[in-house]
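Coordinate inspection notes
The residues making up each chain are set out below.
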Amino acid sequence: MSKLIPSKVWLPKESHHQNYLDFFCETFPQISRDTWAKRFTEGKITTTQEETLNAKAPYCGDQHLIYYREVENEKVIPFQEQILYEDENLLLVDKPHFLPIHPAGPYVKETLVYRLRESQNNPDIAPLHRIDRLTAGLVFFSKKVSIRKDYQLLFENRLVEKTYHAISAGPAPDQGDWHLKNRIEAGEPWFLSAIKGGKANSESYINVIEAKDNLVKFELKPISGKKHQLRVHLASIGYPILHDPLYPSFVEKPPDNYEKPMQLLAQSIAFTDPFSKKCHSFQSKLKLLF
């Protein structure tokens with residue numbers, strides 16, 4: 001059984017496409033027609049009931065189809081994750097910088113979930129929350145589908161205490177702590193986040209830990225979990241995270257510089273297990289610059 005994570009695509013009920021091949025070629029033009037035809041021939045595109053499809057079969061909309069993302073000559077990420085804790089339900093992993101959790105863009109096999117499914121021989125492993133690809137630190141995974149929702153509810157109901165550390169360049173700030181509440185929405189370009197007017201949907205506590213050599217180390221406690229929340233919040237107080245390629249000003253995405261990882265770490269996590277009722281508290285073994 002493939003351990004790759006399947007992707008779903010919705011086929012509109014009304015469409016001008018003559019067949020399934022035409023639909024995929026127009027929907028995903030970055031992939032060649034020959035490649036899509038080959039994937040149909042190899043049975044890599046199916047219905048949600050795992051029925052294979054003929055590329056030239058007449059288009060039938062109002063349904064989802066399943067396909068598996070593939071990347072030719074995928075770049076190897078030269079950093080290794082570490083499992084810090086495991087029980088019958090959970091895996092706690094220290095994720096290195098630059099390694100994505102889920103397949104996206106040019107990454108499929110060089111992702112944390114794929115690596116874990118391979119190394120643990122368990123296709124049901126799935127993350128219970130996320131951190132950015134450029135962020136390092138603690139990520140929890142469930143090992144069973146049957147218990148996944150119980151743990152996800154802990155995060156949804158804000159019953160998990162998460163602490164991050166970050167380093168920014170600059171002199172010691174005049175104040176030592178902040179409590180930020182504002183509205184974060186999609187920015188421009190689409191992959192950025194931005195603070196907008198309106199009802200607050202994000203909240204973070206920020207404290208200075210130490211300042212030296214024109215660097216400042218912060219402790220951050222996010223209450224909500226908006227995309228890029230901590231990166232946006234630190235940039236908003238004038239202390240963008242060191243080596244952050246997106247905030248506060250974005251020009252174009254630079255290539256990864258393994259010598260200069262973004263200085264943001266998911267440092268600790270604490271919660272009460274919904275089944276054993278045991279109180280868990282863990283800390284990352286990874287380190288920032290200081």
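Predicted, not measured: the structure shown is a model, and the values here were computed from it. (Residues numbered from 1 in each chain as written. Predicted model: local features only at pLDDT ≥ 70, side-chain atom pairs only at ≥ 80, totals over all residues. Heavy atoms only, no water.)

1. Here we look at the overall build of the protein chain
To keep it simple, the criterion reads: The helix count covers DSSP runs of H or I at least four residues long, the strand count covers runs of E at least two residues long, and both are numbered beginning at the N terminus. Categorising residues by exposure relies on relative accessible area from a 1.4 Å probe, with only protein chains included: less than 20% of the type maximum marks a residue as buried, more than 50% marks it as exposed, and the intermediate range marks it as partly exposed. Values of accessible area rely on a 1.4 Å probe in the Shrake-Rupley scheme; residue burial ignores everything except the protein chains shown. Only four residue types enter the charge count, namely Lys and Arg as positive and Asp and Glu as negative; His and the chain termini do not. A single reference atom marks each charge: NZ on Lys, CZ on Arg, CG on Asp, CD on Glu.
Within the protein chain, the regular secondary structure consists of five helices and 14 strands. If one aligns the C-alpha atoms of the protein chain with their principal axes, the spans along those axes are about 65 × 45 × 40 Å. Across the 290 residues in the protein chain, those meeting the buried criterion constitute 47%. Accessible surface, the protein chain as shown: approximately 15600 Å² in total, 49% of it carbon and sulfur. If you average the places of the 38 positive and of the 36 negative side-chain charges in the protein chain, the two averages end up 2 Å apart.

2. Thoughts on the state of the cysteines
Which entries qualify depends on this criterion: By definition, disulfides here are pairs of cysteine sulfur atoms that lie within 2.5 Å.
Summed over all chains, the structure comprises zero disulfides. Here C60 stays free of any disulfide, with the sulfur of C25 as its closest cysteine sulfur at 18 Å. Look at C60 and you get partly exposed, because its relative accessible area is 43%.

3. Section: the packing of aromatic side chains
The test is simple: Stacked, edge-to-face and tilted are the three classes for Phe, Tyr and Trp ring pairs, Trp counted by its six-membered ring, which pair at centre distances within 6.5 Å; planes under 30 degrees apart are stacked, over 60 edge-to-face, the rest tilted. The rule for a charge over a ring is simple: NZ of Lys or CZ of Arg within 6 Å of the ring centre, and within 35 degrees of the ring normal.
Inspection of every chain in the model, using the stated rule, returns 21 aromatic pairs. Aromatic pair F24 and W36: ring centres 4.9 Å apart, planes at 55 degrees, arrangement tilted. One end of the pair, F24, is in helix α1 (residues 20-27); the other, W36, is in helix α2 (residues 33-41), and 12 residues separate them in sequence. On the basis of relative accessible area, F24 is assigned to the buried category, the value being 0%. Looking at W36, the relative accessible area reads 0%, which means it is buried. Look at W36 and Y67: their rings are 6.0 Å apart centre to centre, the planes differ by 75 degrees, and that puts the pair in the edge-to-face class. Here the residue W36 occupies a position in helix α2, and Y67 occupies one in strand β3 (residues 63-68), the gap between them amounting to 31 residues. Counting every residue linked through ring pairs, the aromatic cluster contains Y20, F23, F24, F28, W36, F40, Y59 and Y67. Here R39 stacks its cationic end above the ring of W36, 4.9 Å away from the centre of that ring. One cation-aromatic arrangement involves K253 over F191; the distance from NZ or CZ to the ring centre is 4.2 Å.

4. So, the packing of α1 against α2
Two numbers describe a pair of packed helices, the interaxial angle and the distance between the axes. The cut-off we apply is this: To obtain an axis, a line is fitted to C-alpha atoms, over the contacting stretch when the element is a helix, and the angle between two such axes runs from 0 to 180 degrees between their N-to-C directions. Here is the rule for angles: anything less than 35 degrees is roughly parallel, anything more than 145 is roughly antiparallel, 65 through 115 is roughly perpendicular, and the remaining ranges are oblique. Left-handed is the label given to a crossing in which the near helix is rotated counterclockwise from the far helix by less than a right angle, and right-handed is the label when the rotation is clockwise. Whether two residues are in contact is decided by their heavy atoms: any pair within 4.5 Å suffices. Basically, the charged four are Asp, Glu, Lys and Arg, the nonpolar ten are Ala, Val, Leu, Ile, Met, Phe, Trp, Tyr, Cys and Pro, and anything else, Gly included, counts as polar.
Running from N to C, α1 and α2 cross one another at 135 degrees; their axes reach a closest spacing of 10 Å. It follows that α1 is oblique to α2 by the angle criterion. α2 is crossed by α1, and the crossing has right-handed handedness. Together, Y20, L21, D22, F24 and C25 of α1 and R33, W36, A37 and F40 of α2 make up the contact between the two elements. In terms of residue class, the contact of α1 with α2 is built from seven nonpolar, no polar and two charged.

5. Let's talk about helix α3 (residues 112-120)
When we look at burial in α3, the residues that qualify are L112, V113, Y114, R115, L116 and R117. Backbone geometry just after α3 places N121 at a positive phi near 50 degrees.

6. Quick word on the pairing of β3
Where a strand is regular, its side chains alternate between the two sheet faces. This is how it is decided: Here the rule is simple: two strands pair whenever DSSP picks up at least two bridges between them.
For strand β1 (residues 6-11) and β3, the ladder comprises six bridges, and the chain directions are antiparallel. By the bridge assignment for β3, V9 is matched with L65. Of the strand pairs in this sheet, strand β2 (residues 45-47) and β3 are connected by three bridges, and their pairing is antiparallel. Following the sheet pairing, T47 is matched in β3 by L65.

7. Structural notes on the sheet that holds β1
Pairing is antiparallel across the open sheet formed by three strands, whose spatial order is β1-β3-β2. For this open sheet the edge positions go to β1 and β2, each flanked by a neighbour on one side alone. Ignoring which end each strand starts from, the neighbouring axes of this sheet average 35 degrees apart. Contacts from α1 reach β1, β2 and β3, with the element oriented near 105 degrees to β1.

8. Observations concerning α2
Stated formally: Here the arc refers to the directions that run from the helix axis out to each C-beta atom.
Burial in α2 covers these residues: W36, R39 and F40. The buried residues of α2 occupy an angular sector of 100 degrees when the element is viewed end-on, so they sit on one face. Structural note: α2 exposes D34 and T41 on the side pointing more than 90 degrees away from its buried face. Among the structural elements, α1, β2 and β3 are those in contact with the buried residues of α2. Where α2 terminates, the next one or two residues include G43, which has phi positive at roughly 75 degrees.

Don't take any of this as a statement about function, it's just geometry.
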